Amino acid sequence: MADAPRLLLVDDDPVILRLLQVNFRLEGYEIDTAADGALALASAQERPPDIVVLDMMLPDLPGEEVCRRMRTTPELAEVPVIFLTGRTEGPDPAEAGLGPGPVDLIAKPFDPADVVEVVRRRLEERTP
């Protein structure tokens, strides 16, 4: 049996982080979490995820900056990123310099099932 996909969930709101964690664990995913950008980058470098679900508004680094820094690390450059945001508009990946990996945007408040579906779709796209 193949290893479960590893997700990195990043949000400074512990309620949202726990909600996502529970929903993805029920789907059989392996989960790492971080509450800020610096912890997210350290976690991703230590245990590269298959996909990142990333809040755009973190207390230390904006989500876009976390994504940019990931894109400069060869083993993280192509990892899909799904941004969660309360903003009405998100970044245009090309204009924001977010690099080559796939980027999606999900507005808060969100239905956890929708986030799970976007993650599932992105992981299927990466499977040969």
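Everything here concerns the structure above.
Let me sum up the structure you'll find in this document. (Residues numbered from 1 in each chain as written. Predicted model: local features only at pLDDT ≥ 70, side-chain atom pairs only at ≥ 80, totals over all residues. Heavy atoms only, no water.)

**A few points about the packing of aromatic side chains**
In the structure shown here, the tally under the stated rule is one aromatic pair. With a centroid separation of 5.4 Å and 80 degrees between ring planes, the pair formed by phenylalanine 24 and tyrosine 29 is classed as edge-to-face. Tyrosine 29 matches phenylalanine 24 in its accessibility class, with the two residues each being buried. (Phe/Tyr/Trp six-rings, centres within 6.5 Å; stacked < 30°, edge-to-face > 60°. Buried < 20%, exposed > 50% of the residue type's maximum accessible area, 1.4 Å probe, protein only.)

**Topic: unusual backbone geometry**
With the exception of glycine, most residues fall at negative phi, and the peptide bonds are largely trans. With an omega of -5 degrees, the peptide bond between lysine 108 and proline 109 qualifies as cis. Mapping proline 109 onto the fold places it in the loop between β5 (103-107) and α4 (112-126). (Helix = DSSP H or I, 4+ residues; strand = E, 2+ residues; numbered from the N terminus.)

**Points about the side chain of aspartate 104**
Inspection of the secondary structure assignment puts aspartate 104 in strand β5. On the accessibility criterion, aspartate 104 (14% relative accessible area) is buried. Those residues in contact with aspartate 104 that sit more than four places away from it in its chain are Val81, Ile82, Phe83, Val118, Arg121 and Arg122. (Contact = heavy atoms within 4.5 Å.)

**Observations regarding the environment of glutamine 21**
If you trace the backbone, glutamine 21 turns up in helix α1 (residues 14-26). Here the alpha-carbon distance between glutamine 21 and aspartate 32, two residues eleven residues apart in the chain, equals 8.5 Å. Leave out the neighbours within four places in its chain, and glutamine 21 touches Leu9, Ile31 and Thr33.

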